[in-house]
Structures are given as structure tokens and as C-alpha cells.
Amino acid sequence: MIDQDQLPKPHAAKRFVLACLALSALPLFYLLFDLLSFRNDVSSWLAMRLVGASLLLDEQKLYVDFWDWSQPVVYDLLQGLLWLRSALEKVGIIVFADNLAHIAVWLLVVLSLCLTAALTYQVLLRCDERERSVASQDAAAALLPSQIQDASLALLFSTALASLILRFDFGDLPHLLVLALAPWIFLRWLVYRGLFCQNPLALAIGSLAGLSAALDLPFLGVFITVEVVLAADAVLGGQPLAALGKRLWRPEMLGFFIVLLLCLLRLTLLEPVVSNAYWHWTMPLRWLNYQVYDPALYSSESSPDRRDILYGLALASALTFFLQRKNSFFLPPFVLAWSGFLIYMVERQGLSRDLSLTVFGTTLIASLTFLLLGRTLRGLFLSKGEKQSLAVVRLGQAVIVFVAAAVVALTAYSLGCDRDRLYVFRVGRGQGYEDLLSVYDKNTVWQKPVLVLCDYPAAAYPALLSLSAERRGYLLWARPLRLLVWLKAHAVLVPPLKDFYDYMLGRLRADIGSGDANLIVVQSALGDALERSGLAVELEDKYVRGEPCRYVSRNEQPREYFGTNDFERYLRRLTP
């Protein structure tokens, strides 16, 4: 570590950055080991979208031939991944789509770390006497090298560690947002304090941030919130309002808006029928989802309990309140943590994936607190003006490595405990019922059609992706069925949503009436929606109801059982 009163030299800056990357390699390489060891632990949302991307490659139309409310740019990226898989197969390299996706996302984690490391190196080189004197003209812009070092080290380690903590949601859209936000918040924090990086690096960071902002509706709001808070903090710290224009007119902002506008332009290139389904069906339904709670959250067997994360958020908020003056970089992760909580409250699903930003923000605040505490303790043992000895430096570095290794080991142990609890849950919860995955194995044939109606994708994916069973049905997941049936029962369907309702029911009737699917699995909680829509009668007419089954799979967070795990199975009626 560099003493806070000693200006960094090029070799010292390089040595510091390499040391930070080496420390971040502890959670990064354990994450790779876990991905290779537990290949079946695939995020259900990632697996579902991989299935959708394969349908697009079969020339089916998003929102028209199959439905998911993900943005078109998400499927554009996944199609590129599947094209890469096809190219690898042509040269004799066989790799499963979910494993390839895990490798790609792991490389994105590496890319996020490299961008942050490159930014740190450039800023430390620019932080010389001349630039510090210029920056110090604004009170809010004065930064010590030690503050930059603490922010960088904490950010690099926390990005890798948060990716490990989010193992069950690895590769999901909120996780991708975390990876893009990590270098972005560091860069914007530095910019508001008068420290800049080279334009190509800024453009790269801004472009990735703009792409992540286009992945889902709430994501753009996170970037806006971060920018507003950083600008307000700069003004309150003494910077003139006129200086804010220079902070906003930066290469990273140019890259951000160019990529974001290109993603919006992509929406204008949709086929007319797809564009109509996107604007008049999918987006209104997405907003409707924010207004309707899931009744399964309040069932007797429901337990979407993430108090551990919320307690961490409360502690991180208190630490930010007391320590923000010591290092102003406490503010960006504080904003991210509460942005994640707001998304969690708005979505009202109880899913851990919605708290990904909260996990990242609290992890970063905890890392910053530890480094700040270490500097404070070191100062207590050194008299005023005394230079620290090499032994003290080595001891401090050894403590940091030991604590980092201990945190990674504790996280790995926690993942193991989660998997053990899931096993206990399967044994206890599944007594007297057949596991849904076993039902798939017994009643499906290789690439034979399966129809699954479930309000959450976990029951169908990644099982159907792994089995390579042909997914039958218009809905990748059955959220529209519940929402539109509820809306019809409690209000009047506006014409666009009525058209969507009729179109969806028509497609589902055709899928059921054709009798092509060997197996139909229906979430028991959707029974009322099937009755109200009239689909239950047709289902009973074409299929024979079998014994109930339960979804007790392992690739879920242990606290995410909503009382929605009971399913009815229907087997194709044999004609005489």
C-alpha cells in the first residue's frame, strides 16, 4: 500500500493495480471452480432466455410466436452467443448453451475488473502535484491517493465477491447491470472530483453502461439516480453549478447515450407485427405487473425471506452516514444498495435477483469500511510524522489477504449450506409427491413437445433446456395468464390488452387442442385462472390428469419458495 502522503509513481501505481487484481482473483477463480463443479445450477431466467433465443434462430417471432417481456436487445445478445456455439460445433468443439453462457458471463466479470483496474492506473498516474493543485480549487474535488486506492481495491474485490454471492442468479440481467455499474460509478465519482481518464477507456466504460441500461425498464432509472446524487453531492461540497456542465459533457456520457440510442433505434426496426405486440401488449403488461401483487407470496407455505440482505442494507446505511466524510466513495454504493431495494419493492416478487444491486452495494460498503478501519488502526500505532516501516506495510498486506481469503471461504461455505438446505427441503417437502424433474424424465422423449404453465420460470428452466425437449406453447412463462385474468375480473380490459388476452387464449387453446404435447404441467396456483379463461375444460377433454407433483429442484435460493411448488400433470389421452 502507498502511504497517503506519498505521491504514486508509475511503477508504484502498476504494482498497486496488479496487487488489487491478484486479491480479486481469490473470489474470481473460486467462482470459476464453482461454475465448473455445479454446471446444473443455472439461473432459470438465463436458461429461459436461451430457449427463447433458440426459437428466434428457428425464425420464430418474439412476442408473436412466443412471449417473454425481455427487451429485444437481450435476445440479440443471446442469439450472438448461440451463433458462437454453432461456429464452435462446426470446428468440432461441442459445448452446451448454458455452460457457454456461464463462461461468457465469467469473462464479463473479468472485463469489468480490467476496466476498473485500467481506470485506477490512469487516475493514479494523473494524480500528481500539478493536477492535485488544480483539483483542489474545488473543495469537493480534492482527493488523496489513499482514498482512490481504497475505493479501487474495495471495488475490484467487491465486484468479484458479489458475483460469487449472486451465484444462483449468475448471468441474470441484474447481475449484468452490476458488472457494468462497477467501473461506471468509479469513473463518474472521479470525474466529479476533477480526475479524468483517457477518452478510449471512458468510451468503453460508457458504452457498456449504456448497453446495460437498455436491458430492462428500471435499469435506466438507476443510472439517473446515481448521476443526480453525485451531482448534488458535488454542489453541496462547494463546486459551482457552472462546473457541472463540464462533468456531464464527457466521453463516457457520449458512449452511454450513443449505445442507449442505438438500442432504442433497434425498437424502430422491429417488424410491424412484432412492434405492435411490443408496444401494445408487452410493455403495458410490464407496467401492469408493478400494480398487481402475487397472492402466492402470502400463502401458508410461502417463504420469500431475505431479511439477511435487508439487515445488511441497514448496517451499510449506518456506516455510510458515519464514514462518508472520510471517503466520499461511500456514496455511490449507498445509492446502488437503496436502488436495488426500491426495485425489489416495485417488482413485489420476493426474488433475490431483484436485490442484486443491494448485495453489491452492501458488499462494497463493507469492503470500504474494512480498509478505512485498517488505515485508522495503522495511524494509531504510528506517531505523528513517523514513516511506516516495511514490516508494518507487509503486516497490513498480509492482514488484507487473510481477511479476503476468509471472506471467500465463508461465502463458499454459505453456498454449500444453501445447497444442503435445498437438499433437506427436497427430502422433506417432496415426501409423498414425485419431483417435477422426475416427471419430465419419465414422460418426455428427446425433443418431444412439453407444455409448462407456471407463473415463474424456475419450474420449467433450465430443465427443458437440459433435456432439449421441445417447448410447446406460446408463453415461455405464464405471468400474462394470471395478470390478464385478474385484470378482466377486477377491471375492464382496454382494447390493446383485450386483443392480447384473446390472442394468448387462442394460442393456448390451439396448443392444448392439437394434443401434440406428450406432457402438460400446470402450476396449481394457476387453477383459478384456467377456470376463468375456460382453458380447464379443454385441458380435461384432451388430456388425462395424473398424480400431482411438486417442484423441489436445487437451482433456487433456499428462501424463495412461494407456496407455488405444487403442480398438476396431464398426460396425452390415447386415442382408441
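Residues numbered from 1 in each chain as written. Predicted model: local features only at pLDDT ≥ 70, side-chain atom pairs only at ≥ 80, totals over all residues. Heavy atoms only, no water.

Draft legend 1. Quick peek at the overall build of the protein. Of regular secondary structure, the protein possesses 22 helices and six strands. Considering only contacts in the protein between residues 6 or more positions apart, those separated by 24 or more positions represent 81%. Just so you have it, the protein exposes about 25,100 Å², and 64% of that area is on carbon and sulfur atoms. (Helix = DSSP H or I, 4+ residues; strand = E, 2+ residues; numbered from the N terminus. Contact = heavy atoms within 4.5 Å. Areas by Shrake-Rupley, 256 points an atom, 1.4 Å probe, with all protein chains shown as cover.)

Draft legend 2. A look at the pairing of strand E2 (residues 450–453). Of the two faces of E2, the one carrying Val-450 and Val-452 and the one carrying Leu-451 and Leu-453 are both buried. Across four bridges, E2 lies against strand E3 (residues 519–523) in parallel orientation. Note that in E3 the partner of Val-450 across the bridge is Leu-519. (Buried < 20%, exposed > 50% of the residue type's maximum accessible area, 1.4 Å probe, protein only. Pairing = 2+ DSSP bridges.)

Draft legend 3. View of the packing of helix H4 (residues 97–126) against helix H6 (residues 145–165). It is the contact of H4 with H6, at a shortest axis distance of 10 Å, that shows an interaxial angle of 175°. The angle between H4 and H6 places the two elements in the roughly antiparallel class. Seen from H4, the contacting residues are Val-109, Ser-112, Leu-113, Thr-116, Ala-117, Thr-120, Val-123 and Leu-124; seen from H6, they are Pro-145, Ile-148, Gln-149, Ser-152, Leu-155, Leu-156, Thr-159, Ala-160 and Ser-163. Classifying every residue of the contact of H4 with H6 gives 10 nonpolar, seven polar and no charged. (Axes fitted to C-alpha atoms, helices over the stretch in contact; angles between N-to-C directions. Parallel < 35°, antiparallel > 145°, perpendicular 65-115°, else oblique. Nonpolar A, V, L, I, M, F, W, Y, C, P; charged D, E, K, R; others polar.)

Draft legend 4. Quick peek at the pattern of salt bridges. In total, this model carries 27 salt bridges according to the counting rule given. Between Asp-172 and Arg-49 there is a salt bridge, with its nearest N and O atoms 3.1 Å apart. Of this pair, Asp-172 sits in the loop between H6 and helix H7 (173–191) while Arg-49 is found in helix H2 (residues 44–57), placing the two residues 123 residues apart along the sequence. When sorted by exposure, Asp-172 lands in the same class as Arg-49, which is buried. The partner of Arg-353 in a salt bridge is Asp-354, with the nearest N and O atoms 3.7 Å apart. Grouping residues by exposure puts Arg-353 and Asp-354 together as buried. It is possible to trace a salt-bridge network through shared partners that takes in Arg-49, Asp-68, Asp-172, Arg-353 and Asp-354. (Salt bridge = Lys/Arg side-chain N within 4 Å of Asp/Glu carboxyl O.)

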